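Letter by letter, the chains look like this.
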Amino acid sequence: MNFDKENYTVEELTLENETIRFRAYRNLIYVDKPVNEAYQQMNIFVPEIYFEGGSMNGYTLKTVPVFMPNSVGGYMPGETEEPGYTRFGQKKLNSVFRALQHGYMVASPAIRGRSQRSDEGIFTGKAPACIVDYKAAVRYLHYFADELPGDENKIITNGTSAGGALSSLMGAAGNHPDYEPYLEGIGAAKAGDDIFAASCYCPITNLDHGDMAYEWQFSGVNEYHRMNMKMDEGGRPFFTPEDGVMTDVQIGASQAEASMFPAYLNSLGLTDENGRTLKLDAQGEGSFKEYVKAVVLASAQRALSEGMDVSDKKWLTVENGKAAAMDFSEYVKDITRMKTAPAFDSLDMDSPENNLFGTENTDYCHFTGYSMENSTCNGTMADEKIVRMLNPMNYIDDPKARTAKYWRIRHGECDRDTSLAISAILAVKLKSAGCSVDYHAPWNTPHSGDYDLDELFAWIDSICK
Ligand code: DHB
């Protein structure tokens with residue numbers, strides 16, 4: 001691990017009639033004892049104008065914030081990124097290109113993921129590798145801050161889905177000692193891993209309570225609609241739709257999970273912005289449900305104010321141009337169920353999350369009591385401490401963690417990959433802890449990210465200046 005500030009290239013890139021000129025430092029190994037070098041390195045890009053004494057948006061070589069997106073999806077390995085088009089094959093400029101164009105310094109780390117193994121067959125990317133690597137990359141930036149361009153006290157992480165979950169963990173659990181043995185194990189730099197701000201798109205987080213939250217929202221809807229990913233002969237992913245009805249066992253799991261959610265929610269002791277207690281009764285009704293409905297109504301209201309036509313949403317009542325009321329169960333039917341119950345800790349352990357919580361020698365584990373007890377495959381349980389380390393909720397009011405002050409959370413209004421309750425709980429808990437949280441559920445938006453980079457960058461500028 002080192003940083004040689006003379007080892008760079010100056011490059012110019014024109015895409016979609018937009019040109020950026022930047023200095024690139026590539027393949028920086030961010031730990032001393034890498035387990036997987038290709039996935040424990042990062043690229044750093046800096047607008048070249050700063051080296052010529054220039055400024056952009058009021059930023060200079062030493063004051064420019066560090067935008068730090070991760071490319072993790074599905075808790076799979078995430079690669080370092082280049083300025084260019086998005087990974088999903090659309091002709092859309094990616095966040096690295098757009099951030100450079102806006103004037104930010106960009107640090108793009110690779111991160112290990114759940115599918116990786118060593119030559120000896122040991123799994124090397126199981127939890128907590130993903131969060132440990134992201135932290136190690138931040139430590140590198142802090143450690144070399146004096147030699148690096150940019151303001152390393154202004155690191156903003158960004159990610160989508162599993163990557164959004166990692167960004168939320170980065171924001172919540174800065175410097176927490178739980179991760180220390182793992183960071184030492186890979187020879188991470190002796191520096192802090194706290195960040196300034198976290199941007200999280202549809203975070204698939206709070207995994208150990210995701211099943212109950214999902215059923216609190218979707219229980220009663222037994223049909224599911226999902227896309228299954230398969231690989232073609234060339235190893236390229238392709239998707240086929242699957243529509244089905246849950247089995248009796250799955251419906252039983254749905255009811256059991258739904259009935260567990262109120263006790264969990266009430267145990268959090270949440271209050272809204274006005275100090276009102278957020279609770280649920282045994283039927284899952286109460287002030288917390290009203291809060292989630294208010295999130296959806298705020299989404300509709302913003303859509304209305306932008307002149308969108310929302311009249312196809314029969315569950316929504318609009319009065320005098322105001323989103324006045326909604327029928328929650330009709331809304332849930334309309335957006336449809338994607339996952340069968342339990343949504344994350346699958347009884348036959350075939351979910352991405354079961355795979356995430358595997359160990360060095362076990363590819364899949366359970367991580368909730370319910371699925372462990374009702375396992376249909378004689379599965380074993382993940383280490384409780386590791387499950388804990390993947391959940392930002394555990395660190396927000398822990399005095400040993402340095403939780404970021406600034407948060408931007410976006411969770412699409414019709415996202416079905418996890419319950420809207422999950423992001424709502426995260427946002428409310430952060431606000432109660434004194435964080436500044438910009439939380440919104442964009443209208444008619446499915447599970448996705450980086451769709452509003454202009455607004456994201458405006459938010460970053462507002463908190464950095
Ligand atoms: C992602 C999506 C999921 O539905 C999930 O369970 C985990 C990860 C993702 O897109 O990253």
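J.: Would you mind showing me how to read the overall build of the protein chain here?
T.: In terms of regular secondary structure, the protein chain is built from 13 helices and 13 strands. In terms of overall dimensions, the protein chain is globule-like: its C-alpha atoms have a radius of gyration of 22 Å, near the 23 Å expected for 465 residues. In terms of overall dimensions, the protein chain has C-alpha extents of about 65 × 60 × 50 Å along its principal axes.

J.: Sorry, what's going on with the site of the ligand here?
T.: In the vicinity of the ligand, the contacting residues are G73, G74, S161, A162, I204, K339, F344, E353, D417 and H447. Side-chain polar atom of S161 to an oxygen atom of the ligand: 2.7 Å apart, as the coordinates give it. For the ligand, whose accessible area on its own is 290 Å², the fraction buried by protein is 84%. Among the residues making up the shell around the ligand, the classes are represented as three nonpolar, four polar and three charged.

J.: Looking at this structure, how should I read the sheet that holds strand β13 (residues 436-440)?
T.: Pairing between the strands of a sheet is mediated by backbone hydrogen bonds and can be parallel or antiparallel. In spatial order, the strands read β1-β2-β3-β5-β4-β6-β7-β12-β13; together these nine strands make up an open sheet with mixed pairing. In this open sheet, the two strands that pair with only one neighbour each are β1 (9-15) and β13. Strand-to-strand, the axes of this sheet are offset by a mean angle of 20°, without reference to chain direction. The sheet contact formed by strand β12 (residues 406-410) and β13 spans five bridges and is parallel. Bridge pairing in β13 places R408 opposite D438.

J.: Looking at this model, I keep getting lost on a nonpolar patch on the surface. Mind explaining?
T.: Taken together, the side chains of M227, M229, M231 and F239 define a hydrophobic patch exposed on the protein surface, amounting to about 450 Å² of accessible area. Among the structural elements, M231 can be located in strand β8 (residues 223-231).

Definitions and limits used
- Sequence order sets the numbering: in each chain, residues are counted from 1 along the sequence as written.
- Per-residue local features are limited, in this predicted model, to residues with pLDDT of at least 70; the limit for side-chain atom pairs, both in listing and counting, is 80 or more; totals at the level of whole chains, interfaces and linings are taken over all residues.
- Excluding hydrogens and water, the side-chain values take into account all heavy atoms of the structure.
- Here a strand is any run of E in DSSP of at least two residues, a helix any run of H or I of at least four, and the numbering for each starts at the N terminus.
- Atoms counted for the radius of gyration: C-alpha only. Globule rule: 2.2 Å times residue count to the power 0.38.
- Each residue is tested against the molecule or strand, and it is near if at least one of its non-hydrogen atoms lies within 4 Å.
- Under the rule applied, a polar contact is a pair of N or O atoms within 3.5 Å (in protein, one hydrogen donor and one hydrogen acceptor; residues adjacent in sequence only if both atoms are side-chain atoms).
- Note that accessible areas follow from Shrake-Rupley with a 1.4 Å probe, and for residues the cover is restricted to the protein chains shown.
- Under the scheme applied, nonpolar residues are Ala, Val, Leu, Ile, Met, Phe, Trp, Tyr, Cys and Pro; charged residues are Asp, Glu, Lys and Arg; polar residues are all the others, including Gly.
- Two strands qualify as a pair provided that DSSP identifies no fewer than 2 bridges between them.
- With axes taken as lines fitted to C-alpha atoms, and helix axes fitted only over the stretch in contact, angles between N-to-C directions fall between 0 and 180 degrees.
- Patches here: salt-bridge-free residues with over 30% relative accessible area, like charges joined within 9 Å, nonpolar side chains (Val, Leu, Ile, Met, Phe, Trp, Tyr) joined within 5 Å.
- For salt bridges, the criterion is a side-chain nitrogen of Lys or Arg within 4 Å of an Asp or Glu carboxyl oxygen.

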